[in-house]
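Overview (structure and organization)
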Amino acid sequence: YSNLLHLFPSVELAEIAGDLFTDGFMDVRKRKLSNYFSYVAYFSEELKELEHFNSNLINLFKLHGKIKHWGIRENGSSLGVIVTNSFLTRLLYCCGIPGGDKVIQPYLIPKWIYKSNLEIKRAFLRRLFSCEGSIGHDINTNRWELKYSMSKSADLLENSNSFLNQIKDLL
């Protein structure tokens, strides 16, 4: 795993983080007194988004995910990139990327992104907004609006507000 251990903040890592914070999933489960790490996945209807995620994995980790069609789901059909690699999952988790069900756990933007240079912050925000954000024009105020949506458990409202305020600060 020497190609994985020389990891420093980079645009590619920030983009991977942005993808996983939104339409991604890392299988991290509690097992007795520790965690079990299994795979990393990113889902999108857009093949070019999946290829971009895969390209970042190849450039940064020399790992290639498998793009699969997941069939029809509740909210439509989807494609996904899956990388079954427990070491990669653990490494990304150590980088501050949440594992498991993000709706029911608190998390914030990792400090290595939040305190980083403008290029890394931009890369992270670009990927966040490509998945969960939108730009619209309010005809009542004649102003452009940036919108960001996320699902979170009601008991994590304070954490959600902190996360959204971090995004606002980065903007």
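Overview of the structure.

Reading the values: the criteria
- Residues numbered from 1 in each chain as written.
- Predicted model: local features only at pLDDT ≥ 70, side-chain atom pairs only at ≥ 80, totals over all residues.
- Heavy atoms only, no water.
- Salt bridge = Lys/Arg side-chain N within 4 Å of Asp/Glu carboxyl O.
- Helix = DSSP H or I, 4+ residues; strand = E, 2+ residues; numbered from the N terminus.
- Buried < 20%, exposed > 50% of the residue type's maximum accessible area, 1.4 Å probe, protein only.
- Disulfide = S-S within 2.5 Å.

Observations regarding the pattern of salt bridges
Per the counting criterion, the structure on display carries five salt bridges. Residue Glu 15 pairs with Arg 126 through a salt bridge whose shortest N-O separation is 3.5 Å. One end of the pair, Glu 15, is in helix α2 (residues 11-22); the other, Arg 126, is in helix α6 (residues 118-132), and 111 residues separate them in sequence. Classification of Glu 15 by relative accessible area gives buried; the value is 7%. The closest approach of N and O atoms between Asp 27 and Arg 29, which form a salt bridge, is 2.7 Å. A relative accessible area of 7% means that Asp 27 is categorised as buried.

So, the state of the cysteines
Inspection of the entire model under this criterion finds zero disulfides. Unpaired in this structure, Cys 94 has its nearest cysteine sulfur neighbour in Cys 95, at a distance of 7.1 Å. In this model Cys 131 remains outside any disulfide bridge; the closest cysteine sulfur is found in Cys 95, 18 Å from its own. Of the residues examined, Cys 131 reaches a relative accessible area of 19% and is grouped as buried.

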